[in-house]
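# Residue-level structure breakdown
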Amino acid sequence: MIDEIDRDVFVRIQTDLLVVGDSIMTDRHHASGGNYEDTDPQNQIGGIIPAFSLSGWLRHGMENVVQKRDGTACHPGESNANFRKDDVYSRDLDAGYHPKGECLDEADTGCVIHDLFGGFGNRPGKVMRRPIKFSPIRSSVDYTRGQAEGHYRRLNRNIVSRNRADDREPLRNTELDAVANLDGCWHLSFRELKPEFIALLAEAIDYLDAHNTDFMHQLGGARNFGGGIVNCELINPLYDDHELRRVFDRGKGATNTMNDKNDVWNEEHLNDFRSDLVERIEDGP
Ligand SMILES: [Zn+2]
């Protein structure tokens, strides 16, 4: 059954505001001729959201799925690292993690998290997480290539003096890169496809969607300000390109074929893949 699934799958990501710590690459020099004004409503600026924050967010969701099923997940940090907070690391190990790579002693591929995200030296993860290219012009967004509609904005915050005598005198100004009204596809490519990978991805995306206002499961660096609350959904991997595009067409609903594919996906494929996931977690470290 896994043979029917393409190695490229897509996750729909929707968020009103996203601030990623690794900063957003923009093509604003095209739009502004070097005269970028933060507040100009004519800004038509696209860019690229690097995959690092997205990857951490997804991984954390997957770790939770494994732990909910009474498995332990690979700790993301190297076990021989000189952690500044050793007690915090030990506490993580008591709370559903095993030291990174320890699972390799039991199986060649390690645990399912290690298998997907990779580890030491020559062990790339089996899932490649791509950056998301976004554009404010919907007609130029190619969802089948993992792109999104979204607007870049640079946010300015004034930090003012709290002392009454200073009359809110500005102390400094900070700038944040942000993307607003993001809606599009995150493209994941599997170097090797295993049924448990797809089941874990589907469950993690459901989990992240259901917990999208939890502080721990928001995305990026503005979580105290409501940034990074993400609605997400695994787009049915059985859809063809035409159907995938249709998901984003606000004027059109799902076709009968798409609804049939949803039934087949939920009732057959996902159930089948899920039993592989259960087995792997039960067997695993
Ligand atoms: Zn592991």
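See the structure above.
The following paragraphs examine the structure supplied in this document. (Residues numbered from 1 in each chain as written. Predicted model: local features only at pLDDT ≥ 70, side-chain atom pairs only at ≥ 80, totals over all residues. Heavy atoms only, no water.)

Here the zinc ion is held by Cys74 (SG), His98 (NE2), Cys103 (SG) and Cys111 (SG), and the distances to it run 2.1 to 2.3 Å. Coordination at the zinc ion is tetrahedral, judged from the 4 donor atoms that bind it and the angles of 106 to 111° they form at the metal. In the primary structure, the donors to the zinc ion are separated according to the pattern C-x23-H-x4-C-x7-C. Here cysteine 103 lies in the loop between β5 (97–98) and α4 (112–117) and cysteine 74 lies in strand β4 (residues 73–74), a separation of 29 residues in the sequence. In this structure cysteine 74 comes out as buried when scored by relative accessible area, which is 1%. (Donors = N, O, S within 2.8 Å, 3.2 Å for Na, K, Ca; no water. Tetrahedral: all angles 85-135°; square planar, octahedral: opposite > 155°, others 65-115°. Helix = DSSP H or I, 4+ residues; strand = E, 2+ residues; numbered from the N terminus. Buried < 20%, exposed > 50% of the residue type's maximum accessible area, 1.4 Å probe, protein only.)

Relative to the elements of secondary structure, threonine 109 occurs in the loop between β5 and α4. Contact partners of threonine 109, with chain neighbours within four places excluded, come to Leu104, His114, Asp115, Lys126, Lys194 and Arg280. At 3.3 Å, the side chain of threonine 109 forms a polar contact with the side chain of arginine 280. (Contact = heavy atoms within 4.5 Å. Polar contact = N/O pair within 3.5 Å; in protein donor to acceptor, adjacent residues only side chain to side chain.)

To describe a pair of aromatic rings, one takes the distance between the centres and the angle between the planes. Scanning the model with the defined rule gives 4 aromatic pairs in all. Look at tyrosine 143 and phenylalanine 248: their rings are 4.0 Å apart centre to centre, the planes differ by 5°, and that puts the pair in the stacked class. Of this pair, tyrosine 143 sits in the loop between β7 (132–135) and β8 (147–160) while phenylalanine 248 sits in the loop between α6 (241–247) and α7 (256–283), and the two are 105 residues apart along the sequence. Considered together, tyrosine 143 and phenylalanine 248 belong to a single accessibility category, that of buried residues. Plain terms: the ring middles of phenylalanine 190 and phenylalanine 197 are 6.0 Å apart, the flat faces sit at 15° to each other, and that makes the pair stacked. The exposure class of phenylalanine 197 is buried, given its relative accessible area of 0%. (Phe/Tyr/Trp six-rings, centres within 6.5 Å; stacked < 30°, edge-to-face > 60°.)

We now examine unusual backbone geometry. Phi is positive for arginine 168, close to 55°, though the residue is something other than glycine. Judged by its relative accessible area of 60%, arginine 168 is exposed. Its identity is not glycine, yet asparagine 181 carries a phi of approximately 50°, on the positive side. If you trace the backbone, asparagine 181 turns up in strand β9 (residues 170–190).

Taken together, the 3 bridges between strand β3 (residues 47–49) and β7 define a ladder with antiparallel strand orientation. Along β7, the bridge assignment pairs isoleucine 49 with isoleucine 132. Two elements, β7 and β8, share 3 bridges in a ladder whose sense is parallel. Residue pairing in the sheet places phenylalanine 134 in a bridge with alanine 148 of β8. (Pairing = 2+ DSSP bridges.)

It is worth spelling out the packing of helix α2 (residues 51–68) against helix α5 (residues 195–210) at this point. Packing of α2 against α5 brings their axes to within 8 Å, and their N-to-C directions diverge by 105°. If you check the angle between α2 and α5, you find them roughly perpendicular. For the pair formed by α2 and α5, the contact residues are Trp57, Leu58, Gly61, Met62, Asn64, Val65, Val66 and Lys68 on the first element and Leu200, Leu201, Glu203, Ala204, Ile205, Tyr207 and Leu208 on the second. Broken down by class, the residue content of the contact of α2 with α5 amounts to 11 nonpolar, 2 polar and 2 charged. (Axes fitted to C-alpha atoms, helices over the stretch in contact; angles between N-to-C directions. Parallel < 35°, antiparallel > 145°, perpendicular 65-115°, else oblique. Nonpolar A, V, L, I, M, F, W, Y, C, P; charged D, E, K, R; others polar.)

All right, on to the pattern of salt bridges then. Scanning all chains against the criterion turns up 15 salt bridges. With a shortest N-O distance of 3.8 Å, arginine 123 and aspartate 108 are connected by a salt bridge. Of the two residues, arginine 123 sits in the loop between α4 and β6 (127–129) while aspartate 108 sits in the loop between β5 and α4, which places them 15 residues apart along the sequence. Residue arginine 123 is classed as partly exposed on the basis of its relative accessible area of 33%. Glutamate 149 serves as the salt-bridge partner of arginine 250, at 3.1 Å between the closest nitrogen and oxygen. Remark: glutamate 149 occurs in strand β8 and arginine 250 occurs in the loop between α6 and α7; sequence separation between them is 101 residues. Here arginine 250 falls in the exposed class, since its relative accessible area comes to 59%. Salt bridges sharing common partners tie together Asp115, Lys126, Glu192, Lys194, Glu196 and Arg280. (Salt bridge = Lys/Arg side-chain N within 4 Å of Asp/Glu carboxyl O.)

Without other data, these values stay purely geometric and don't point to any function.
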